[in-house]
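Residue-level listing of the chains:
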Amino acid sequence: MLGFCRGRRKFLAASLTLLFVPAVTWIYLFTGNFDDGKSVSLSPLEAQPHSPRYAASSQRESLEVRVREVEEENRVLRKQLSLVQSRGPPHRFGNRSKTYSMEEGTGDSESLRAGIVAGNSSECGQQPAVEKCETIHVAIVCAGYNASRDVVTLVKSVLFHRRNPLHFHLIADTIAKQILATLFQTWMVPAVRIDFYDADELKSEVSWIPNKHYSGIYGLMKLVLTKTLPSNLERVIVLDTDITFATDIAELWAVFHKFKGQQVLGLVENQSDWYLGNLWKNHRPWPALGRGYNTGVILLLLDKLRKMKWEQMWRLTAERELMSMLSTSLADQDIFNAVIKQNPFLVHQLPCFWNVQLSDHTRSEKCYRDVSDLKVIHWNSPKKLRVKNKHVEFFRNLYLTFLEYDGNLLRRELFGCPSEVDVNSENLQKQLSELDEDDLCYEFRRERFTVHRTHLYFLHYEYEPAPDDTDVTLVAQLSMDRLQMLEAICKHWEGPISLALYLSDAEAQQFLRYAQGSEVLLNRRNVGYHIVYKEGQFYPVNLLRNVAMKHVSTPYMFLSDIDFLPMYGLYESLRKSVVQLDLTNTKKALIIPAFETLRYRLSFPKSKAELLSMLDMGTLFTFRYHVWTKGHAPTNFAKWRTATTPYRVEWEADFEPYVVVRRDCPEYDRRFVGFGWNKVAHIMELDAQEYEFTVLPNAYMIHMPHAPSFDITKFRSNKQYRICLKTLKEEFQQDMSRRYGFTALKYLTAENNS
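Draft legend 1. Examining the overall build of the protein chain more closely. Tallying secondary structure elements over the protein chain gives 26 helices and 23 strands in all. For the protein chain, the share of sequence-separated contacts (at least 6 apart) that also reach a separation of at least 24 residues comes to 79%. When the accessible surface of the protein chain is summed, it comes to about 35,700 Å², and 52% of that surface belongs to carbon and sulfur atoms.

As structure tokens, then:
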């Protein structure tokens, strides 16, 4: 960087030389030798208008004038150069090359000399640096499921370009806090700190302001940031959730150094005609200076705002204007502009490329000459990606790049910057360091400690608790290749569902489009979709089950798999069973007998009698009877055929039924990944904890056919895979013996006999 600015000074000096030397040479050639120091006088003959001598003398006069002008310009340049050199070491960040035109927003190609004379645009002389490890503070208001999803794309774009530690201040409601707290905790990005502020507590501060904007009450909360954020926080960048960064946010943070006098707000001019009041007949916007300012990106000097009593200032302005305006149309933006109208000195106007506003009514195309000049893109329209703009495809692709970008790649260290010690991260590193990398089963063991980035409630979720406290949630997990089962399950099970989906970032967006295009899924608000992002070599089946179980909000769970369809009416039937069998006060696991079909098109049986008929005809089979009989043999299907009341069965080796249990049942063991023993180990744990296995006589579920999973293919074809699974089984049984003592010896004996 220092070399860059030294180079500029050398270039300036060279420019002076290039200007000065030719001027002296021209004077010497045309006016003669100046050694005697005498000026050249013109005779009367030489002064004749049309004589050759007159022409020559006239030329000499004009050259003398030009020499004096050049000397004066050189004097000014020498003065400017000395000023630049006296300002000390240069400061520059990023890789920007269009310093003068971009900083000033002029877009012209003025010479370097003109840039120096301008005086306030030089990267080397004027723009203070952002220190290497200086923390940049960002505040975002985020409420609800959709905003929580949108803010992830914004954060990705910031993390992608950043070179500094970041501290996000998230003003969030209960929903957003739950989602984002889990997301950032599992994201584990170094040098990123997150603090939450309860948006619900702030409602009373702004609820008195009527607001017509689609953002609702949360769209007004930027007004109270001086009161909400820590009193020792001096400055903060405030962003809307529909923002995408195309540059390092440190560049924007550095603009704070340009604030002068009483400037406390950094804002970009509004690029629509809204505040000009001519969009339609009787359009009457709030007062604003000219086009007004857009509040999608704000630089706030919090310490100065507090000293100016910002709280009183905006409240008095809002009260006065609401007497005639009755409500805000653009939420906080209307009030910010009304305050600025009365106090223009508060604003430091940012160049428009810091907030290129995309909507059908903006003039954003006049903001930039080339899309490469852009710094921040703002999708400030309910239509978002469908807005009209000649470069909308470029903007869309930039946005989609971050939308589908693998967030795991953003877990990079900031070398040279000390970061706070994360206890969880420290423990994880300790556990990983204790593993033997030469162990042939190292990758299996490592998977147990892998932290998967998790986005809870990826879509809107609503659940009304049942008044009789008998509600049951269906729990399952899936990957992209089982997505087609969702609609069928929703048709078979009307109760709440908790699903963990193992997807990449790009697949998560495909799922979103699929769900938003499905009438069946759109009409179901009681399905919780929890995205667990892909990482590692194996399908983390038991981690996925645990994530889905952890976010069940009913007293009971039906632990199923995504490729099973429950019988019609099973939801209501199970609610009655949990009461009849007193699951509240007893440790029972209610078994749903499992069957399967080999047909992709099946006339689903509507009763037990119809199912028995299909069994006899060979249309249905007991689940896995031909490849893994032991898995469901203890269910005793022969007894089930004629049973009319629930009956108890005993645990046997390799038993893995699908069960209904209380929400407080043990988690699945994470050491089992991919294919093999993942459910078997869980049922063994239930038995060790003295759960009673009870088969329901009038319940059933049917497995639908599908292509083999990648993991079962690996199990069948890879000998080392099978060896490692056997090793993990033995270690699990040893752990059971240590935890449950004498009771657990039967598991070792049963395994030896099987």
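Having put the structure on the table, let's press on.
Draft legend 2. Spotlight on empty space enclosed by the protein. If you walk through the whole model with that rule in mind, you get five cavities of 30 Å³ or more. If you add up the space inside the largest cavity, you get close to 80 Å³. What lines the largest cavity is Arg149, Val152, Thr153, Lys156, Leu403, His455, Phe458, Asp505, Gln509 and Tyr533. Those elements that provide at least two residues to the lining of the largest cavity are helix H5 (144-161) and helix H17 (505-516). The greatest single-element share of the lining of the largest cavity, amounting to four residues, is contributed by H5. For the lining of the largest cavity, a count of residues per class yields four nonpolar, three polar and three charged.

Draft legend 3. Local environment of the sheet that holds strand E19 (residues 621-622). Read across the sheet, four strands follow the order E16-E23-E18-E19 without closing on themselves; strand pairing throughout is mixed. The open sheet is flanked by strand E16 (564-566) and E19, the only strands paired with a single partner. In the sheet, E16 pairs with strand E23 (residues 701-703) via three bridges, with the strands oriented antiparallel. Paired with leucine 565 across the two strands is isoleucine 702, which belongs to E23.

Draft legend 4. Representation of the packing of helix H23 (residues 678-688) against helix H25 (residues 719-740) within the structure. At a closest axis distance of 12 Å, the pairing of H23 and H25 adopts a crossing angle of 15°. Here H23 is positioned roughly parallel relative to H25, judged by the angle of their axes. Crossing geometry of H23 relative to H25 is assigned as right-handed. On H25, the residues touching Ala681, Met684, Glu685 and Ala688 of H23 are Phe732, Gln733, Met736, Arg739 and Tyr740.

Draft legend 5. View of the sheet that holds strand E14 (residues 527-533). Spatial ordering of the open sheet is given by E11-E14-E13-E12-E15-E21-E17-E22-E20, a layout of nine strands whose pairing is mixed. The strands lining the two open edges of the sheet, one partner per strand, are strand E11 (454-455) and strand E20 (647-649). Note: strand E15 (residues 556-559) against strand E21 (residues 658-662), four bridges, orientation antiparallel. When the bridges of E21 are listed, methionine 557 appears paired with valine 661. With respect to the sheet, H23 is in contact with E15, strand E17 (588-592), E21 and strand E22 (692-695), its orientation differing from that of E21 by roughly 45°.

Draft legend 6. Focus on the side chain of histidine 167. Mapping histidine 167 onto the fold places it in strand E2 (residues 166-172). What makes histidine 167 buried here is its relative accessible area of 8%. Here aspartate 195 takes part through its side chain, which lies 2.8 Å from a polar atom of the side chain of histidine 167. Not counting residues within four places of it along the chain, the set of residues in contact with histidine 167 comprises Thr135, Ile136, His137, Val138, Arg193 and Asp195.

Draft legend 7. Representation of the nonpolar core within the structure. Membership of the largest hydrophobic core comes to 113 residues, with the highest contact counts inside it found for Leu499, Phe511 and Phe558. Excluding its chain neighbours within four sequence positions, the residues that come into contact with phenylalanine 511 are Phe458, Leu459, Met480, Leu483, Leu486, Leu501, Leu503, Tyr529 and Ile531.

Draft legend 8. Layout of the confidence of the model for the protein chain. Across the protein chain, pLDDT averages 82, with 77% of residues at or above 70. Contacts of residues 1-56 to residues separated by more than four positions or lying in other chains number 56 contacts, the stretch itself having pLDDT below 50. A low-confidence stretch, residues 83-127 stays under pLDDT 50, and its non-local contacts, those more than four residues away or across chains, total 75 contacts.

Draft legend 9. Main features of the environment of leucine 350. Tracing the backbone shows leucine 350 in strand E8 (residues 347-350). Exposure remark for leucine 350: the relative accessible area of 3% places this residue in the buried category. For the pair leucine 350 and leucine 265, spaced 85 residues apart in the sequence, the C-alpha separation amounts to 9.6 Å. Once residues lying within four places of it in the same chain are set aside, the contact partners of leucine 350 are Leu252, Val255, Gly266, Leu267, Val268 and Leu299.

Draft legend 10. Inspection of the state of the cysteines at higher detail. Enumeration over the complete set of coordinates arrives at two disulfides. Here cysteine 133 is linked by a disulfide to cysteine 417, with a sulfur-sulfur distance of 2.2 Å. Residues cysteine 133 and cysteine 417 share a disulfide whose torsion about the S-S bond is about -90°; that sign makes it left-handed. With cysteine 133 in the loop between helix H4 (112-118) and strand E1 (136-142) and cysteine 417 in the loop between helix H13 (392-403) and helix H14 (423-433), this residue pair connects regions lying 284 residues apart in the sequence. On the accessibility criterion, cysteine 133 (30% relative accessible area) is partly exposed. Take cysteine 417: its relative accessible area is 11%, and that puts it in the buried class. The side chain of cysteine 441 participates in a disulfide bridge whose partner is cysteine 724; the two sulfur atoms lie 2.1 Å from each other. Around the S-S axis, the bridge from cysteine 441 to cysteine 724 shows a dihedral of about -95° and counts as left-handed. Here cysteine 441, found in the loop between H14 and helix H15 (442-447), pairs with cysteine 724, found in helix H25; they are 283 residues apart in sequence, far enough to count as distant. Cysteine 724 shares its class with cysteine 441; the two are buried.

Draft legend 11. Structural view of a negative patch on the surface. A cluster of acidic side chains, namely Asp436, Glu437, Asp438 and Glu443, defines a negative patch on the protein surface. One can find aspartate 438 in the loop between H14 and H15.

Draft legend 12. Inspection of the packing of aromatic side chains at higher detail. With the rule as written, the count across this model stands at 30 aromatic pairs. Relative to tyrosine 571, the ring of tryptophan 493 lies with its centre 5.2 Å away and its plane at 65°, an arrangement referred to as edge-to-face. You can see tryptophan 493 sitting in the loop between helix H16 (485-492) and strand E13 (497-503) and its partner tyrosine 571 sitting in helix H20 (residues 570-580), a full 78 residues away along the chain. One exposure class covers both tryptophan 493 and tyrosine 571, and it is buried. Ring geometry for phenylalanine 595 against tryptophan 640: centres 5.3 Å apart, planes inclined by 50°, an arrangement best described as tilted. Of the two residues, phenylalanine 595 is situated in strand E18 (residues 594-596) and tryptophan 640 in helix H22 (residues 637-642); the sequence distance between them amounts to 45 residues. With respect to burial, phenylalanine 595 and tryptophan 640 carry one shared label: buried. Site record: aromatic cluster; members linked through ring pairs are Tyr145, Tyr457 and Tyr461. Sitting above the plane of the tyrosine 668 ring, arginine 545 keeps its charged end 5.1 Å from the centroid. Over the aromatic face of tryptophan 640 sits the side chain of lysine 608, whose NZ or CZ is 4.3 Å from the ring centroid.

The rules behind these values
- Residues numbered from 1 in each chain as written.
- Predicted model: local features only at pLDDT ≥ 70, side-chain atom pairs only at ≥ 80, totals over all residues.
- Heavy atoms only, no water.
- Helix = DSSP H or I, 4+ residues; strand = E, 2+ residues; numbered from the N terminus.
- Contact = heavy atoms within 4.5 Å.
- Areas by Shrake-Rupley, 256 points an atom, 1.4 Å probe, with all protein chains shown as cover.
- 1 Å grid on protein atoms, 1.4 Å probe; cavity = no way out; pocket = protein on both sides within 12 Å on 5 of 7 lines; lining within 4 Å.
- Points joined across faces, edges and corners; volume = space filled by probe spheres on them.
- Nonpolar A, V, L, I, M, F, W, Y, C, P; charged D, E, K, R; others polar.
- Pairing = 2+ DSSP bridges.
- Axes fitted to C-alpha atoms, helices over the stretch in contact; angles between N-to-C directions.
- Parallel < 35°, antiparallel > 145°, perpendicular 65-115°, else oblique.
- Left-handed = near helix turned anticlockwise from the far one by under 90°.
- Buried < 20%, exposed > 50% of the residue type's maximum accessible area, 1.4 Å probe, protein only.
- Polar contact = N/O pair within 3.5 Å; in protein donor to acceptor, adjacent residues only side chain to side chain.
- Core = buried A, V, L, I, M, F, W, Y, C linked by side-chain atoms within 4.5 Å.
- pLDDT = per-residue confidence, 0-100.
- Disulfide = S-S within 2.5 Å.
- Patch = residues over 30% accessible without salt bridge, like charges linked within 9 Å, V, L, I, M, F, W, Y side chains within 5 Å.
- Salt bridge = Lys/Arg side-chain N within 4 Å of Asp/Glu carboxyl O.
- Lys, Arg positive; Asp, Glu negative; His and termini not counted.
- Charge placed at Lys NZ, Arg CZ, Asp CG, Glu CD.
- Phe/Tyr/Trp six-rings, centres within 6.5 Å; stacked < 30°, edge-to-face > 60°.
- Lys NZ or Arg CZ within 6 Å of the ring centre and 35° of its normal.

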